[in-house]
Amino acid sequence: MSAHAKTDFVGHDTHAAAPVEKRSWLLTRPTAKTGLVSWLTTVDHKKIGLLYGISALFFFLVGGFEALLIRIQLAVPNNTFISHQLYNELFTMHATTMIFLAVMPLSAAFFNYMMPLQIGARDVAFPRLNGFAFWVFLAGAIVLNIGWFVKSGAPDAGWFGYAPLTSTAYSNQFAGDMSTDLWVMGLQILGVSSVVGSLNFIVTIINMRAPGMTMMRLPVFTWMTLVTAFLIILSFPAITIALVELMMDRSFGTSFFDVSGGGLPILWQHLFWIFGHPEVYILILPAMGIVSEILPTFARKPLFGYPIIVFSGATIGFLGFGVWSHHMFTTGMGTVATAAFSLLTMAIAVPTGVKMFNWIGTLWGGHLQMRTPMMFALGFMWMFMMGGFSGVMHSAAPADAQQQDSYFVVAHFHYVLIGGSIFALLAGIHYWFPLIFGRKVSEFWGKLSFWVIFIGFNVTFFPMHFLGLNGMPRRTAVYDGNMGWNDANLIATVGALVLGVGIAIYFGVMIYTYFKGEKTTHDEWDARTLEWTVPSTPPPEHNFDVIPTVHARDAFWYEKTHKAEIEKEKAEHAKAEQDHGGIHMPSQSWFPIVAATGLLIGAIFFVNHIMIGAIAGGAIMFLGVYLWAVEGPGGYHIHLDDKNHDKH
Amino acid sequence: MSTHAAAGAIDHHHDHTTTTGIPNKKLFMWAFLASDCMFFGALISTHLIYRLHETPNQPDILGIFSLELTSFSTFILLMSSLLMALAVNTCQKGHVGATRKMLLGTILFGLIFLACQVYEFNHFVHLGLTLNSNMFGSTFYTLTGTHGVHVAIGVLWLVLMYIRTFKPADGSPWILKSFIHLLVFAVVIVAGMKALLGGVHALQTAHGLNGEAISLFFEHDFPAIVVSAVGLVALVMLGRDRKAVEFGEANAVDVESMGLYWHFVDIVWIVIFTVVYLLEYI
Amino acid sequence: MVQYLPVTRLTNGTYLLGQMTLPSIFRSLKTRALSCAAVAAMPLFLGGWGNWNWLTGPQSTFDTKGPVAESQLDVFYVTLWVTGITFVIVAGILAYATFKFRARKTDDLKAVIPHQGHGNPLIELGLIGLSVLALVFIAVPTLRAIWYTYDVPAEEKASAYEVNAIGLQWWFKFEYPAEQIDGAGTLVTGNELVIPAGRPVRINLRTSDVIHSFWVPKLAGKVDMIPNRGNHLWLKADEPGYFWGQCAEYCGESHAVMRFRVIALNETDFAAWVAHQKTPARTVAPYSVLNGAPAAPYEFNNPGRNAPGYSADFDKAPFAAWQAKQEIDAGEDPALIAQGRQIFQQKTCTSCHAVRGHEGAGVTAPDLTHIGSRTTIAAGLLENTKQNLHRWIAHPNEVKPGNKMYVGVPLQSGVMAGYVKIDPATGKPEETPHITVSDAEARALVAYLHSLK
């Protein structure tokens, strides 16, 4: 079927019988398909996915740079490379950046790009809202990072922002320090973005599936998208309220976390971790989804125990809300609470282990193609297994009393977050690169980057287990040379530099491939799921010439093994759709970015306590939303240039 | 009242059936409300935790609360839910006129609830309970204030929906008019609220409805009374539009989603009323 | 590497429950476990890095010196064994599967299509059952240790000694509620906690500003000091000794250098120490020669920020160093000491620091009544040598950035200035320093403070 298409627009539709609607200039729809305007006004889930991806990778590099500065400071004892204050800003921003501005949006990039393709949809349920979620994300990222460029400096209270260190009494003892206000505001804005985006994904997955795509035929990545989206909408409110209460304390003199007014700083910890623990799964479940796509493709057999993998993912999400206090074993919760959270935390290891067993089961009896994405996916399995086991060690509260806030914990969560999330996301980039850009990375360079990253990562973080067990606490800018920590720290720093080289190779190769890489066929890996059925790579704007009908779990695999049947079916459906007016696409819009800009302006003025500006920002946002509502979803039609269907 | 006239014969957003048969907007609202539950859950937990802890400067809560007033506003909010349900029902049947009336009724009841809350907050502040006078003030105002913001957003949404029922079917220019309509609403609401509270104040000062109260009322609130009266007339004029409109049965899902939100806000209020107010009396 | 002390077991209620309990089996395996791990890791780290001290530092959680840390380590070993064995099995199968089933040629991508199996419920359920079983192995000793480590065991309650530890930015204050001084209230010290050995010590954890965490790895895992919350922990040092501790919860700019020491003494020494601490500050009579001729002035060069304040000599025998520190220094200069005492008042040190019996009744900074007998200064950061004390007094912000002595204390009404006066509007120090300490003044202050044994 030809991908060659012509388009017409609703309102200029010569086929329509209705009178042409006169639209005010305010509501003129942008129609550019290339250039800056097309990106600023896009509602295409693929373009939004790319915007998320590019921003996330940018912030990934920023966060990585911050990490390298931290490691250089710690390379030798009693180092004077950076000041305590800068060190504190760096570890605060490194964590905040990596969690909220790198891993989450990179997952969101895949949600956006792949999920609609995997369920056979032409876009998400609310395309303009999807654009809005991205622009709001960017606004939050700007607010968080603006501190680097102003006098007050970047946020320095830790990514967990434990009260009362965030109160005005301690964060700005001597002068109006807005770094904490920026942090509070930035996280709130990012929360809006995440919740709005997730609501959209939930509706899309539940409501926009292609015919035959039952819930138990959803690709696992889509399933994990759904679970993650639910985790986000249910967990972000807790931190948002905590941040609101903190903001009230800082700006309006309440005492939610202020001891002198009867506040309980421990309440912050509870609210934070009720969000914070599901957040851990928000970071890892998408990665598990990606790996669950890659392993079957390269093992060339279906995922082992699909229902159990799906069910365990949902169980992890559910239990994830019941284990938050294992971050607080050292806060003196008492024996019963400690025991209960200890046992629940152990319980969550079961569904996680189940996933590992099933992945191994997927490999078993397969015909493993050791391509670059597969290398990263296998790397994920090894590293995530290590991180998982040190996680089980933490679940034993008495052992955790020694490990909490030590480098053992740093080692643990980097194994889970880099060895887990980042490895899987890097695998995902490799895996879907041919689909997104129509080119593929050379196997040599891809595998080289994998090995350098893999070795650098282990050299950096494995010694940290020993540092923690040898008593080195986290978040310390200097340490003395007589504590037995020198060797491990130096090794870790060398490892971090190797890891940095690996990442540099990885991205260098990606950029080279984007411009000069080998062109691919559109089913490069002989894959199994619907996203690979797009008529061309990169996929056309309308994704599918014909909305697919799904007959089996690995829908594309089924199509490939039942070619004749599918051809016939597609021809019928294409005809039906063309008779119906063509392929309907949502129109682009200026208002998501206008509303998000209003939010950004308002937030920056609010943080500086300039209320007129804050109100002005709010007014711009309201106007954006108002015109957004008034302009309506719009839409236009694409008619494929195919003589069989050209009925007009 | 042709629904599809303006969009042409090919509007797939309305005739495109979803996988589950539940309209997207409605599903979105359900998911959002699940999220909103957690917002209120966190706020109510905060309130309860601090209520169960010893905090300094604990106020005489029973001496501050007025159960009669709050019961009244609770009742009003519940009744607004009834009107909201009727608005959905009439819209589903395509009776735009009746829908408008029900929407206006819901708006009015929502505003009465908000007026009660403004009065209550004012009153409490006079009694010395402020946002930062003590922990009870902090949690009380933050929780009920967040709920009030939800009601206010609901009212704004209702107003926008009401205005939208006038969007002409022939596609003639309407944005500016809709914006003016919105502004008039805003003016009437603010001035009316001020006049209403001024009236209550006058009644209290004069200890009853008497000549003194009336003269006090006109003395203090004359501009507000005039502005709200003029605004009301303008609203009536704007509401007498007899052109064919686009709004119809197809918009029932919009009204219904809004209704879900409104009912949710009401239910949350019942929880707040129980936890924050009634629990103090046992 | 790890000493197994059967004697302590007898006082440890947990382990009297049975000879063949799970922990006892794991305990018997643990020494071998550690040496196995160490041996396996040796080749990796030996070449060029010389002596293996990765797990034997002063804050090692493996080199336990008391029953609380010991029982926490036991639980750790259980988790290590269970996860270690599981790892070997799972990783073995993963490695085998990867190797066995990998495609030999990469160009036959579409040639072979393996059996399209979808799973095996029996295997899956069986594995779930096995994982649950493995976790039960961890859960049982975990639960026991949670109760054991939470508070002093009932049978030892009577002999427990109680101390209050209070965290402040960025130092620790220790109160001894059992030791009351006539007219001066509770005995208070700073940054060095002296406890009786062989006796359970219950430590009430408080804070007067942000959250801190009390951690002496060799004696017990950490417990946080949280505002508006009465936490506690207990620990016991089996033998007299000298232990390193550190704040383990991020608490602001100088969190990294908020440290402390714990010294455990036998009953006699502890009683003598308490008795001495209760006495007011030592006064050196002017114009008298007590301890030989005055020593020659020490050399002082500012080593700059973050410079180390430890020495190998001290680390070799820290407990002996602590004992030596209790003796009066040789070569004291009474004139210089008297001058130092005056400067101590002139520079307004007295408004924050207390020297009981002398001038100074401040409570916002560490009590200095017996500062000369402490082994460390600046919250366990620097050894208490003349040079280090000089450095701390003359350049406090290079030792501990943001400390209150340097930046002052924000009050409701403006700022109580420290060495610098900070403008509340801009957060920047005023041009002229508020307090300056010349080299000579610092020397006098050092002489005075070191005389306070």
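Here the structure is a predicted model, which means the values were calculated and not measured. (Residues numbered from 1 in each chain as written. Chains lettered and ligands numbered in written order. Predicted model: local features only at pLDDT ≥ 70, side-chain atom pairs only at ≥ 80, totals over all residues. Heavy atoms only, no water.)

1. Examining the interface of chain A and chain C
Now for step 1: Contacts between the two partners involve 117 residues from chain A, matched on the other side by 111 residues from chain C.
Now for step 2: Across the chain A/chain C interface, buried area totals approximately 9600 Å², and carbon plus sulfur atoms make up 67% of it.
Now for step 3: Where chain A packs against chain C, one counts 2 salt bridges.
Now for step 4: One salt bridge in this structure joins Arg-475 of chain A and Glu-249 of chain C, with 3.8 Å as the shortest N-O distance. (Contact = heavy atoms within 4.5 Å. Buried area = accessible area lost by both parts, 1.4 Å probe. Salt bridge = Lys/Arg side-chain N within 4 Å of Asp/Glu carboxyl O.)

2. Brief notes about the confidence of the model for chain A
Detailed reading of the predicted coordinates is not advisable wherever pLDDT is low.
Residue and element names in this part refer to chain A.
Now for step 1: A residue-level look at chain A finds 94% of positions with pLDDT of 70 or above and a mean pLDDT of 91.
Now for step 2: Within chain A, helix H2 (residues 45-74) carries the highest mean pLDDT (97), whereas strand S1 (residues 5-9) carries the lowest (42).
Now for step 3: Below a pLDDT of 50 lies the segment residues 1-20, which in the model reaches 41 contacts outside its immediate sequence neighbourhood of four places, other chains included.
Now for step 4: Across residues 643-648, where pLDDT falls below 50, the model places 9 contacts with residues more than four positions away in sequence or in other chains. (pLDDT = per-residue confidence, 0-100. Helix = DSSP H or I, 4+ residues; strand = E, 2+ residues; numbered from the N terminus.)

3. Some thoughts on the arrangement of the chains
Now for step 1: Ranked by contact count, the leading pair among the 2 pairs of chains in contact consists of chains A and C.
Now for step 2: Chain C makes no contact with chain B, the minimum C-alpha separation between the two being 11 Å.

4. Focus on the pattern of salt bridges
Oppositely charged side chains are able to pair whenever their charged atoms sit close together.
Now for step 1: Applying the stated criterion across every chain, the model contains 38 salt bridges over all chains.
Now for step 2: Salt-bridge contacts for Arg-300 of chain A lead to Asp-526 of chain A; the nearest nitrogen and oxygen are separated by 2.8 Å. Of the two residues, Arg-300 of chain A is situated in the loop between helix H8 (265-299) and helix H9 (306-319) and Asp-526 of chain A in the loop between strand S3 (518-519) and helix H16 (555-561); the sequence distance between them amounts to 226 residues.
Now for step 3: For Arg-300 of chain A, a relative accessible area of 1% gives the class buried.
Now for step 4: Between Lys-453 of chain C and Asp-329 of chain C there is a salt bridge, with its nearest N and O atoms 3.1 Å apart. Residue Lys-453 of chain C is located in the segment after helix H12 (439-451), and its partner Asp-329 of chain C is located in the loop between helix H7 (318-325) and helix H8 (334-346); the two are separated by 124 residues in the primary sequence. With respect to class, Lys-453 of chain C is no different from Asp-329 of chain C; both count as buried. (Buried < 20%, exposed > 50% of the residue type's maximum accessible area, 1.4 Å probe, protein only.)

5. Observations regarding the packing of aromatic side chains
Residues and elements named next belong to chain A.
Now for step 1: Summed over all chains, the structure comprises 95 aromatic pairs over all chains.
Now for step 2: Relative to Phe-91, the ring of Tyr-87 lies with its centre 5.8 Å away and its plane at 65 degrees, an arrangement referred to as edge-to-face. Of the two residues, Tyr-87 and Phe-91 are both situated in helix H3 (residues 84-118); the distance of 4 residues between them amounts to about one turn of the helix.
Now for step 3: Look at Phe-91 and you get buried, because its relative accessible area is 10%.
Now for step 4: Arranged with centres 6.2 Å apart and planes meeting at 80 degrees, the rings of Phe-423 and Phe-450 form a pair that is edge-to-face. You can see Phe-423 sitting in helix H13 (residues 407-437) and its partner Phe-450 sitting in helix H14 (residues 443-469), a full 27 residues away along the chain.
Now for step 5: Here a set of aromatic residues connected by ring pairs shows up, and it is made of Phe-60, Phe-376, Tyr-415, Phe-423, Phe-450, Trp-451, Phe-454, Phe-457, Phe-461, Tyr-506 and Phe-507. (Phe/Tyr/Trp six-rings, centres within 6.5 Å; stacked < 30°, edge-to-face > 60°.)

6. Side note on a nonpolar patch on the surface
Residues and elements named next belong to chain A.
Now for step 1: On the surface, a cluster of nonpolar side chains totalling about 530 Å² of accessible area is made up of Val-76, Trp-451, Ile-455, Val-459, Leu-490, Val-494 and Val-498.
Now for step 2: Secondary-structure elements contributing two or more residues to the nonpolar patch are H14 and helix H15 (486-516).
Now for step 3: Position of Val-494 among the secondary structure elements: in helix H15. (Patch = residues over 30% accessible without salt bridge, like charges linked within 9 Å, V, L, I, M, F, W, Y side chains within 5 Å. Areas by Shrake-Rupley, 256 points an atom, 1.4 Å probe, with all protein chains shown as cover.)

7. A few points about the nonpolar core
Now for step 1: Core analysis: the biggest nonpolar cluster contains 389 residues, and Phe-380 of chain A together with Phe-214 of chain C have the highest contact counts within it.
Now for step 2: Per-element accounting of this core gives the leading share, 21 residues, to H3 of chain A.
Now for step 3: For this core, the two domains that each supply at least three residues are domain 2 (58-107 + 118-279) and domain 3 (312-450) of chain C.
Now for step 4: Among residues more than four places away in sequence, those in contact with Phe-380 of chain A are Ile-284, Ala-287, Met-288, Val-291, Trp-359, Met-385, Gly-419, Gly-420, Phe-423 and Ala-424 of chain A.
Now for step 5: Ranked by size, the runner-up nonpolar core spans 5 residues in total, among them Ile-583, Met-585, Tyr-636 and Ile-638 of chain A. (Core = buried A, V, L, I, M, F, W, Y, C linked by side-chain atoms within 4.5 Å. Domains from an automatic or database assignment.)

8. Description of the pairing of strand S10 (residues 259-265) of chain C
A regular strand places its side chains so that they alternate between the two faces of the sheet.
Residues and elements named next belong to chain C.
Now for step 1: With respect to burial, S10 is a largely interior element, 7 of its 7 residues being buried.
Now for step 2: Burial along S10 is two-sided: Arg-259, Arg-261, Ile-263 and Leu-265 and Phe-260, Val-262 and Ala-264, pointing in opposite directions, are all buried.
Now for step 3: Across 5 bridges, strand S4 (residues 192-196) lies against S10 in parallel orientation. Looking at the pairing, Val-194 lines up with Ile-263 of S10.
Now for step 4: Here 6 bridges tie strand S9 (residues 241-247) to S10, and the two strands are oriented antiparallel to one another. If you follow Gln-246 over to S10, its bridge partner there is Arg-259. (Pairing = 2+ DSSP bridges.)

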